[in-house]
Amino acid sequence: MCGILAVLGCADNSQAKRSRIIELSRRLRHRGPDWSGLHCFEDCYVAHERLAIVDPISGDQPLYNGDKTIVVTVNGEIYNHKALRETLKSHQFHTGSDCEVIAHLYEEHGEEFVDMLDGMFAFVLLDTRDKSYIAVRDAIGVNPLYIGWGVDGSVWFASEMKALIDDCEQFMCFPPGHIYSSKQGGLRRWYNPPWFSELVPSTPYDPLLVRETFEKAVIKRLMTDVPFGVLLSGGLDSSLVASVALRHLEKSEAAQWGSKLHTFCIGLKGSPDLKAGKEVADYLGTRHHELHFTVQDGIDAIEEVIYHVETYDVTTIRASTPMFLMSRKIKSLGVKMVLSGEGSDEIFGGYLYFHKAPNKKEFHEETCRKIKALHQYDCLRANKSTSAWGVEARVPFLDKEFINVAMSIDPEWKMIRPDLGRIEKWVLRNAFDDEKNPYLPKVSDTMLMNASFVFPDNTPMTKEAYYYRTIFEKFFPKSAARATVPGGPSVACSTAKAVEWDAAWSQNLDPSGRAALGVHVAAYEEEDKAEDPRPGKV
């Protein structure tokens, strides 16, 4: 992540004002510690603090068009910059930066080029030919941007409000998917996808399309010339990001850090996230970094977290604190970019309260509202808690094309239906359920922990049982079919009543004779349970 600051139409263009702009830009240097740049043109200042990820050698900012009459300061990544350059063959490029294409697109198309960009971005562009300017924020608001107004009539833009708070009379969050134009006066929306109206879609669910679009979203985010990794908590979303990235790493243009994909997880010692993250990392075969912090570490960091994340929302601060601490350790290892799993819960209704959605219309409208608010919550957290240490977080689930595909699905498919074996985010889970070449472990600890909610009748007690039950429900989803199978606790083929004979048996429910602890000469030992059995391991 980079930091940008632009001040346009100042009454004062003295050396003292230039020094003040540099001082304010310095407040954003944690976002971009690699280099600083400032372009001054009459009463306009365009500043940049760079985090060098693509073209680290020549891509310093601000960036320009061929004759340097158009100046742009960008915080972002333009994933389709090579394809866009192909449409601009008559233009002279100065760098290999993905963001330079913005200046040339503006020169070619004027203000209407923004929807051509595929990426995450916040930028300010100054056209020195007529002193007009635009400011733009990406579709969902992955990258932060604020707008402010000075007492002298100047207009200010910055990545974080800490650069505006002392010098602007008023300031506000720049809305996602909008452009501010000095020519047209004020803000207008440039991002107008079909789902934004919140009308209920009717497109049938196509699992292959969901999978392919998400894989493309991950692959394009492997565009980097510096070491990177994946944040892996062991949940569905981060696990899919890691799995897809791993499959396509060798064919990508990503700079490698050794021969393996590096994954990161943080938590209190013994926490479920650490266990789940390691389980998935072991399955995928990544180079996994398990990071720890204490409760006191978290408490001590809260003041810094609030300063960097710029919110007092309780949930955001709670979630930002471990991410903030983890980012510091990640940066110490020389990593500048990570992939993360934000956005999936909003798109697919993954929060537990979606169980109570009364109908598909309410379900869909709530997902739309959640996506529209992401810039105030999860995007803000993911961006600012990582950029506090000069690390960039990229979020494949918030890819424009993927959101369009996912939000066009008839929400009836997203509804949580235990009677049909559909738990939260079933649409996503099912899309990656590849029997021949599985993306993820078949049954995780988290899935088993929630088994009673998914299968309230005859709840499976082991991973093996959960795995078999999932296959059964796929073929025989009706409750009548479920009722034909006997259930209840059993050890070594016992009835449920016999399990009461030995207290240890209730902790070792397994149909094998070896589960009869204290009886079978080759009874399971603790280490046996930790090592295998095969379906339980997956």
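Every value quoted in this text rests on a predicted model; they were computed, and no experiment measured them. (Residues numbered from 1 in each chain as written. Predicted model: local features only at pLDDT ≥ 70, side-chain atom pairs only at ≥ 80, totals over all residues. Heavy atoms only, no water.)

We now examine the overall build of the protein. Counting its regular elements, the protein contains 19 helices and 17 strands. Classification of the 538 residues of the protein by burial places 55% in the buried group. Nonlocal contacts in the protein, meaning residues at least 24 apart in sequence, comprise 66% of its contacts between residues at least 6 apart. Of the roughly 23600 Å² that the protein leaves accessible, carbon and sulfur atoms contribute 55%. (Helix = DSSP H or I, 4+ residues; strand = E, 2+ residues; numbered from the N terminus. Buried < 20%, exposed > 50% of the residue type's maximum accessible area, 1.4 Å probe, protein only. Contact = heavy atoms within 4.5 Å. Areas by Shrake-Rupley, 256 points an atom, 1.4 Å probe, with all protein chains shown as cover.)

Turning next to the nonpolar core. Ranked by size, the top nonpolar core spans 81 residues in total, and within it Phe-123 and Ile-140 carry the most contacts. With 6 residues, helix α5 (residues 236-248) is the largest single contributor of residues to this core. The contacts of Ile-140, once residues within four sequence positions are left out, are Pro-176, Tyr-191, Trp-195, Ile-371, Leu-374, His-375, Cys-379, Leu-398 and Ile-403. (Core = buried A, V, L, I, M, F, W, Y, C linked by side-chain atoms within 4.5 Å.)

Attention shifts here to the environment of Ile-403. Relative to the helices and strands, Ile-403 is located in helix α12 (residues 400-407). Placed 32 residues apart in sequence, Ile-403 and Ile-371 show a C-alpha to C-alpha distance of 9.4 Å. When sequence neighbours within four positions are dropped, the list of residues in contact with Ile-403 reads Ile-140, Tyr-191, Trp-195, Ile-347, Phe-397 and Leu-398.

Burial analysis of strand β5 (residues 70-78) places 9 of its 9 residues in the buried class, which makes it a mostly covered element. Here β5 shows two buried faces, one formed by Ile-70, Val-72, Val-74, Gly-76 and Ile-78 and the other by Val-71, Thr-73, Asn-75 and Glu-77. Taken together, the 2 bridges between strand β4 (residues 63-64) and β5 define a ladder with antiparallel strand orientation. Counterpart to Tyr-64 in the pairing with β5 is Val-71. Connecting the antiparallel pair β4 and β5 is a turn made up of 5 residues, with Lys-68 showing a positive phi of about 65°. Judged from the 9 bridges that link them, β5 and strand β6 (residues 119-127) form a sheet pairing that is antiparallel. Looking at the pairing, Val-72 lines up with Leu-125 of β6. (Pairing = 2+ DSSP bridges.)

What follows covers the pattern of salt bridges. Overall, the coordinates contain 35 salt bridges when judged by the stated rule. Of the charged contacts, one joins Asp-60 and Arg-50 as a salt bridge, the two residues approaching to 3.0 Å between their closest N and O atoms. Placement of the pair is Asp-60 in the loop between β3 (44-50) and β4 and Arg-50 in strand β3, with a sequence separation of 10 residues. Assessed through its relative accessible area of 30%, Asp-60 is described here as partly exposed. When its relative accessible area of 4% is taken as the criterion, Arg-50 is described as buried. One salt bridge in this structure joins Lys-220 and Asp-118, with 2.7 Å as the shortest N-O distance. One end of the pair, Lys-220, is in helix α4 (residues 207-220); the other, Asp-118, is in the loop between α3 (101-109) and β6, with 102 residues separating them in the sequence. Taking relative accessible area as the criterion, Asp-118 reaches 18% and is therefore assigned buried. Through salt bridges with shared partners, one network takes in Arg-31, Glu-160, Lys-162, Glu-310 and Lys-384. (Salt bridge = Lys/Arg side-chain N within 4 Å of Asp/Glu carboxyl O.)

Residues Leu-268, Val-295, Ile-299, Ile-302 and Ile-306 make up a contiguous nonpolar surface patch of about 390 Å² in total accessible area. Looking at the element boundaries, Ile-299 is found in helix α7 (residues 295-309). (Patch = residues over 30% accessible without salt bridge, like charges linked within 9 Å, V, L, I, M, F, W, Y side chains within 5 Å.)

Turning next to the environment of Met-461. Mapped onto the secondary structure, Met-461 falls in the loop between α15 (451-454) and α16 (463-475). For Met-461, a relative accessible area of 55% translates into the label exposed. When the C-alpha positions of Met-461 and Leu-448 are compared, they lie 7.4 Å apart, and in sequence the two are 13 residues distant.

The next thing to look at is the sheet that holds strand β2 (residues 35-41). Taken in spatial order, the 6 strands of this open sheet run β2-β3-β1-β9-β8-β10, and their pairing is antiparallel. If you trace the sheet from one side to the other, it starts and ends with β2 and β10 (170-173), each paired once. Neighbour-to-neighbour, the strand axes of this sheet turn through a mean angle of 10°, independent of strand direction. In the sheet, strand β8 (residues 146-149) pairs with strand β9 (residues 155-158) via 4 bridges, with the strands oriented antiparallel. In the strand pairing of β9, Gly-148 is matched with Trp-156. In this fold helix α1 (residues 15-26) packs onto β1 (3-8), β2, β3 and β9, with an angle of close to 30° to the strand it touches most, β3. (Axes fitted to C-alpha atoms, helices over the stretch in contact; angles between N-to-C directions.)

Glancing now at the packing of aromatic side chains. Across all of its chains, the model carries 23 aromatic pairs by this definition. Both rings, one in Tyr-133 and one in Tyr-180, keep their centres 6.2 Å apart while their planes meet at 10°; by these two values the pair is stacked. Residue Tyr-133 is found in strand β7 (residues 132-137), and its partner Tyr-180 is found in strand β11 (residues 178-181); the two are separated by 47 residues along the sequence. Here Tyr-133 falls in the buried class, since its relative accessible area comes to 12%. The class of Tyr-180 is buried, set by a relative accessible area of 12%. The ring of Tyr-64 is capped by Lys-68, whose NZ or CZ atom sits 5.4 Å from the centre of that ring. Here Lys-372 stacks its cationic end above the ring of Phe-196, 4.2 Å away from the centre of that ring. (Phe/Tyr/Trp six-rings, centres within 6.5 Å; stacked < 30°, edge-to-face > 60°. Lys NZ or Arg CZ within 6 Å of the ring centre and 35° of its normal.)

Within the fold, Thr-213 resides in helix α4. Polar contacts involving the side chain of Thr-213 include one to the main-chain carbonyl oxygen of Leu-209, which spans 2.6 Å. When neighbours within four sequence positions are excluded, Thr-213 is seen to be in contact with Glu-401, Phe-402 and Val-405. (Polar contact = N/O pair within 3.5 Å; in protein donor to acceptor, adjacent residues only side chain to side chain.)

Taken in spatial order, the 5 strands make up an open sheet running β15-β14-β13-β16-β17, and their pairing is parallel. The open sheet has two edge strands with one neighbour each: β15 (287-292) and β17 (392-394). On average, each strand axis in the sheet is inclined to that of its neighbour by 30°, with strand direction left out of account. Pairing geometry for strand β13 (residues 228-231) and strand β16 (residues 337-339), over 3 bridges, is parallel. For Val-230, the partnering residue across the bridge sits in β16 and is Leu-339. Contacts from α5 reach β13, β14 (262-267) and β16, with the element oriented near 145° to β13.

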